[in-house]
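Topology and contacts: notes
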Amino acid sequence: MRRLLAVLAVSIISLAASAIGPVVVSKSVKDNPTISCKTTGDANIDREVKRFLSICGWFDLTSGKSDYVLNINVSGGSVKAELAMGGAPAGAWNFKAGTDAREIAKLIVDTVIEKTFRDLKVQGFCRSRIAFCAQTSPSVRNIYACDIDGNNMTQLTHFNTLCVEPCWTPNATSICYSKYGRTGIDVIETTVTPPQRSRVLSGFRGLNSGVSVSPNGKEMAIILSFDRRVDFFLIEIATGRRRRVTNNISVEASPCWNKDGSKLAFVSDETGSPRIVICNRDGSGKLRLPTVGRDAVTPDWSGDDRIVYAAKVDGRYVLAVLDMKSGKNEIITKEDGSWESPGWAADNRQIVCKCTRGGRSALYVVDSRTGHSRQLISTQYPLSMPSWSPCKSK
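This is a predicted model, so every value here is computed, not measured. (Residues numbered from 1 in each chain as written. Predicted model: local features only at pLDDT ≥ 70, side-chain atom pairs only at ≥ 80, totals over all residues. Heavy atoms only, no water.)

Another aspect to go through is the overall build of the chain. Within the chain, the regular secondary structure consists of 3 helices and 32 strands. Here the chain has a C-alpha radius of gyration of 22 Å; the compact-globule value for 394 residues is 21 Å, and the two agree. Taken along its principal axes, the extent of the C-alpha atoms in the chain is 65 × 50 × 40 Å. As displayed, the chain offers around 17,600 Å² of accessible surface, 49% of which is attributable to carbon and sulfur atoms. The average position of the 52 basic charges and that of the 38 acidic charges among the side chains of the chain differ by 3 Å. (Helix = DSSP H or I, 4+ residues; strand = E, 2+ residues; numbered from the N terminus. Rg over C-alpha atoms; globule rule 2.2 N^0.38 Å. Areas by Shrake-Rupley, 256 points an atom, 1.4 Å probe, with all protein chains shown as cover. Lys, Arg positive; Asp, Glu negative; His and termini not counted. Charge placed at Lys NZ, Arg CZ, Asp CG, Glu CD.)

See the structure below:
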């Protein structure tokens with residue numbers, strides 16, 4: 001029975017949910033300012049700055065006339081960046097030159113984003129990271145991480161078993177994930193910088209999965225299999241004290257928090273197929289959300305109160321976004337393939353996800369405003385379950 005519960009709870013993440021709601025197919029919208037960039041004194045910095053300007057999602061990089069002009073001068077041990085808008089100075093910054101052109105480029109582009117989009121209130125976006133699973137053999141998956149352009153990939157776990165469902169802690173210093181063992185599935189936390197340290201966050205006999213750490217870092221939402229049931233619990237990380245949120249014969253999966261930690265969303269098959277339910281932190285006020293397609297799974301809640309999820313439409317998965325303020329559902333992926341396991345970036349605009357085409361999976365970043373996508377990373381190994389790290393808010 002325990003094995004059956006584990007199979008059900010893990011497979012529920014990629015299963016279905018039927019619901020009807022207002023739906024709009026996302027149309028391409030060009031609302032990014034254009035920017036041109038010229039660097040003197042270091043070709044590597046010039047290349048990396050242009051790379052991050054082009055993939056950050058907030059500018060359209062051009063070599064011609066543009067809304068913004070970024071001039072960078074590298075001389076001796078200093079880097080000076082000057083931003084102009086319409087010919088008028090818009091900002092000037094000095095950075096200390098180092099040996100890593102990528103890190104300097106991230107700092108420069110982050111500074112330009114913060115100056116240009118002050119309402120965004122996010123620092124260090126280009127320095128955020130994306131964790132994901134890579135399956136190197138039929139029974140081995142480990143957690144890796146990469147930069148927002150897909151480069152600088154590092155392996156974070158080194159087990160000869162399945163490590164799945166990575167999520168970041170709010171300070172982005174650790175990842176939590178489900179690790180398969182002999183007696184069940186445990187939730188482990190591992191720091192991302194050397195010397196790496198790991199600890200068991202939840203090791204109850206049976207199923208411990210779908211972990212999501214609260215915005216204040218004090219609690220985790222988790223799926224456990226007590227009483228031969230798969231239910232949704234909250235656990236205080238410091239004390240281990242747990243509180244049951246659901247108690248029924250249905251299977252729950254994929255919990256996530258809203259920005260202030262007052263509400264949670266999760267998947268339940270209580271109606272016979274997986275659908276998204278929200279509730280207050282204390283478990284009250286449960287409400288099944290209107291969603292598109294036959295299935296609705298793997299929700300993630302943005303900082304501006306939108307829920308992205310995977311929905312099965314016409315035999316394949318697409319990504320859809322439900323605006324919790326307006327109630328509007330919008331399908332944002334228009335290209336072929338099966339789009340799954342979406343996760344928001346801290347800018348509340350970019351979404352990282354898995355896309356499968358022709359039996360081969362790769363990770364993509366989708367712009368929720370335009371529907372445009374870019375391939376993040378593709379390897380010889382199956383990739384899945386990406387999670388975008390938080391950034392520091394102002």
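What follows concerns the packing of aromatic side chains. Two aromatic rings, taken as a pair, are described by how far apart their centres are and by the angle between their planes. Counted by the stated rule, this structure contains 9 aromatic pairs. Between phenylalanine 132 and tyrosine 144, the aromatic rings sit 6.1 Å apart at their centres with planes inclined by 20 degrees, giving stacked as the arrangement. Taken together, the positions of phenylalanine 132 in strand β8 (residues 129–137) and tyrosine 144 in strand β9 (residues 140–147) put the pair 12 residues apart, joining distant regions of the chain. Their ring planes at 70 degrees and their centres at 5.4 Å tell us that tryptophan 339 and tyrosine 364 sit as a pair that is edge-to-face. Of this pair, tryptophan 339 sits in strand β27 (residues 338–344) while tyrosine 364 sits in strand β29 (residues 360–367); the two residues are 25 residues apart in sequence, bridging distant segments of the chain. A residue is classified by how much of its surface remains accessible, and tryptophan 339, at 1% relative accessible area, is buried. Positioned above the aromatic ring of phenylalanine 159, the side-chain terminus of lysine 179 is 4.8 Å from the ring centre. Over the face of the ring belonging to tryptophan 58 we find arginine 349, whose NZ or CZ atom lies 4.9 Å from the ring centre. (Phe/Tyr/Trp six-rings, centres within 6.5 Å; stacked < 30°, edge-to-face > 60°. Buried < 20%, exposed > 50% of the residue type's maximum accessible area, 1.4 Å probe, protein only. Lys NZ or Arg CZ within 6 Å of the ring centre and 35° of its normal.)

What follows covers the sheet that holds strand β19 (residues 252–257). What the 4 strands build is an open sheet, ordered β19-β20-β21-β22; its pairing is antiparallel. Because the sheet does not close on itself, it has two edges, and the strands there are β19 and β22 (287–288). Of the strand pairs in this sheet, β19 and strand β20 (residues 263–268) are connected by 4 bridges, and their pairing is antiparallel. Across the sheet, residue tryptophan 257 finds its bridge partner in β20, namely leucine 264. (Pairing = 2+ DSSP bridges.)

Coordinates in, geometry out; function isn't part of it.
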